[in-house]
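What the coordinates show
The chain contents come next:
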Amino acid sequence: MAIVSPSILSADFGKLGADCRMVLDAGAQMLHYDVMDGHFVPNISFGVPVLKSLHKNLPDAFYDVHLMISHPLQYAEAFIKAGATLYNFHLECEDDIQATIDAVRALGCKVGLTIKPGTEPQALAPYLDQLDLVLVMSVEPGFGGQKFMPSALDKLRWLKAEREARGAHYLLEVDGGVDNATAPQCVEAGADILVAGSAVFGAADPAAAVQHLASL
Ligand SMILES: O=C(CO)[C@H](O)[C@H](O)COP(=O)(O)O
Ligand SMILES: [Fe+2]
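The present account deals with the structure reproduced in this document. A quick note: this is a predicted structure, and the numbers were derived from the prediction, not measured.

Under the definition given, this model contains zero disulfides. In this structure Cys93 is a free cysteine whose sulfur lies 15 Å from that of Cys109, the closest cysteine sulfur available.

Turning next to the site of ligand 1. In the vicinity of ligand 1 there are 19 residues, among which Asp34, Gly142, Asp175, Gly197 and Ser198 approach most closely. Within the backbone of Gly145, a nitrogen or oxygen atom sits 2.8 Å from an oxygen atom of ligand 1. Those elements that place two or more of their residues in the shell around ligand 1 are strand E2 (31-36), strand E3 (63-68) and strand E8 (193-196). Taken together, the residues of the shell around ligand 1 break down into seven nonpolar, ten polar and two charged.

Ligation of the iron ion (ligand 2) by protein atoms is provided by His32 (NE2), Asp34 (OD), His66 (ND1) and Asp175 (OD), these donors lying 2.0 to 2.3 Å from the ion. If you look at the iron ion (ligand 2), its six donor atoms make angles of 71 to 174° with each other, and the shape they trace is octahedral. For the iron ion (ligand 2), all donor residues lie on one chain, and their spacing in sequence is H-x1-D-x31-H-x108-D. Of this pair, His32 sits in strand E2 while Asp175 sits in strand E7 (residues 171-175), and the two are 143 residues apart along the sequence. Classification of Asp175 as buried rests on a relative accessible area of 8%.

Looking now at the pairing of strand E6 (residues 133-137). Within E6, five of the five residues are buried, which leaves the element mostly enclosed by the surrounding structure. Along E6, one buried face is formed by Leu133, Leu135 and Met137 and the opposite face, lined by Val134 and Val136, is buried too. Two strands pair when backbone bridges link them, and strand E5 (residues 110-115) and E6 are joined in this way by four bridges, in the parallel orientation. Residue pairing across strands places Leu113 opposite Val134, the latter belonging to E6. Here E6 runs beside E7; their pairing, made up of five bridges, is parallel. If you follow Val136 over to E7, its bridge partner there is Val174. Regarding topology, helix H5 (residues 151-166) serves as the crossover connection from E6 to the parallel E7, and that connection is right-handed.

Our focus in this paragraph is the packing of aromatic side chains. Under the counting rule described, the total for this entry stands at four aromatic pairs. Ring centres of Tyr33 and Phe46 lie 4.5 Å apart, and the angle between their planes is 35°; on these two criteria the pair is classed as tilted. Separated by 13 residues along the polypeptide, Tyr33 in strand E2 and Phe46 in the loop between E2 and helix H2 (48-57) bring together distant segments of the chain. The exposure class assigned to Tyr33 is buried, which follows from its relative accessible area of 0%. When the ring of Tyr87 is compared with that of Phe89, the centres are 6.4 Å apart and the planes differ by 45°; the resulting orientation is tilted. Phe89 sits in the buried class, given a relative accessible area of 0%. Taken together, the ring pairs in this structure connect Phe13, Tyr33 and Phe46 into an aromatic cluster.

Attention shifts here to the pattern of salt bridges. For the structure on display, the rule yields eight salt bridges. The shortest N-O distance in the salt bridge between Glu188 and Arg157 comes to 3.2 Å. Taken as a pair, Glu188 in helix H6 (residues 183-189) and Arg157 in helix H5 lie far apart in primary sequence, 31 residues in all. Linked by salt bridges that have partners in common, Asp129, Glu162 and Arg166 make up one network.

Counting along an α-helix, one turn takes 3.6 residues, and residues three or four places apart therefore face a common direction. Within helix H1 (residues 16-25), burial applies to Leu16, Asp19, Cys20 and Val23. For H1, the angular spread of the buried residues around the axis is 100°, confining them to a single face. Buried residues along H1 sit against strand E1 (3-6), E2, H2, helix H7 (198-201) and helix H8 (206-214). Looking at the residues trailing H1, positive phi occurs at Gly27, about 115°.

Rules behind the numbers
- Throughout this document, residue positions are counted from 1 along each chain, in the order its sequence is written.
- Naming scheme: in the order in which they are written, chains are lettered from A and ligands are numbered from 1.
- Side-chain atom pairs in this predicted model are given and counted only at pLDDT of 80 or more, local residue features only at pLDDT of at least 70, and totals for whole chains, interfaces and linings cover all residues.
- Processing note: side-chain calculations cover all non-hydrogen atoms of the structure and skip hydrogens and water entirely.
- When two cysteine sulfur atoms are found within 2.5 Å, that pair is recorded as a disulfide.
- A cutoff of 4 Å decides nearness: a residue is near a molecule or strand if any of its heavy atoms lies inside that distance of it.
- Polar contacts, as counted here, are pairs of nitrogen or oxygen atoms within 3.5 Å of one another; within protein the pair requires one atom able to donate a hydrogen and one able to accept it, and residues that are adjacent in sequence qualify only if both atoms are side-chain atoms.
- We count a stretch as a helix when DSSP gives it H or I for four or more residues in a row; a strand needs E for two or more, and each element gets its number in order from the N terminus.
- Any residue outside Ala, Val, Leu, Ile, Met, Phe, Trp, Tyr, Cys, Pro, Asp, Glu, Lys and Arg is labelled polar, Gly included; the first ten of those are nonpolar and the last four are charged.
- The rule for donors is simple: N, O or S, within 2.8 Å of the metal, or within 3.2 Å if the metal is Na, K or Ca. Water isn't counted, so a site may look like it is missing partners.
- Angular criteria define each label, namely tetrahedral for four donors with all angles between 85 and 135 degrees, square planar for four and octahedral for six donors with opposite donors over 155 degrees apart and remaining angles between 65 and 115, and irregular for whatever fails these tests.
- Type-normalised accessible area, obtained with a 1.4 Å probe on protein chains alone, sets the label of each residue: buried when under 20%, exposed when over 50%, and partly exposed for intermediate values.
- In this analysis, strands are considered paired if DSSP registers two or more bridges between them.
- Assignment of crossover handedness uses the view with strands pointing away from the viewer, where a clockwise path from the first strand over the helix to the second indicates a right-handed crossover.
- Side-chain rings of Phe, Tyr and Trp, where Trp is taken by its six-membered ring, are said to pair if the distance between their centres is within 6.5 Å; with planes under 30 degrees apart they count as stacked, over 60 as edge-to-face, and otherwise as tilted.
- Only one rule defines a salt bridge in this text: a Lys or Arg side-chain nitrogen within 4 Å of an Asp or Glu carboxyl oxygen.
- Directions are taken from the helix axis to each C-beta atom, and the arc is the one they span.
- Pairs of residues are marked as contacts when any of their non-hydrogen atoms sit within 4.5 Å.

If you want it as structure tokens, here you go:
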């Protein structure tokens, strides 16, 4: 069984609370919250106030916050106070990675690191023992609805083998172009968590889409 983290970037922002409740009721164990700053990626999404508002209405949800921003250290406290359950930032950001991990931990939050398609998973080695989650991007970050890049699969395999070799505990998440065709390959390669935006919110029956992905 896979954990499903629907990317609410593809939800209807006019009824965001209702869309979140629907996928949670369907069995999604997390909400994937994509933060984009228009600098780290060429797009702007939503930030702290929207998370705060969602958390107020759905306080028990797990907020899987994916920070596609250049300066995650600067915003850690604000997002964590707003309700982030997991602070998931990029290895390619401009801040000191260890200092950011330490700050997130000191704020009592789970911590994850994400790699873009051009980054090898071996670059995560200094941090793997400290992480709750590693996210492998299977598209260039910035936009939903892109095509899955199969190069993510070997990264998942390596990270799974490395977790076993180290006795580490991080969960493996994959994000970008995950749908009914690509999700089984991701699970086979070692993904514990499937992020899916358009495959869930673009489906005729989003609840059924969550249930199908969760059954893999
Ligand atoms: O981080 C992201 C984009 O940068 C999104 O989480 C991701 O693209 C999800 O959308 P889809 O499932 O439609 O590909
Ligand atoms: Fe994401």
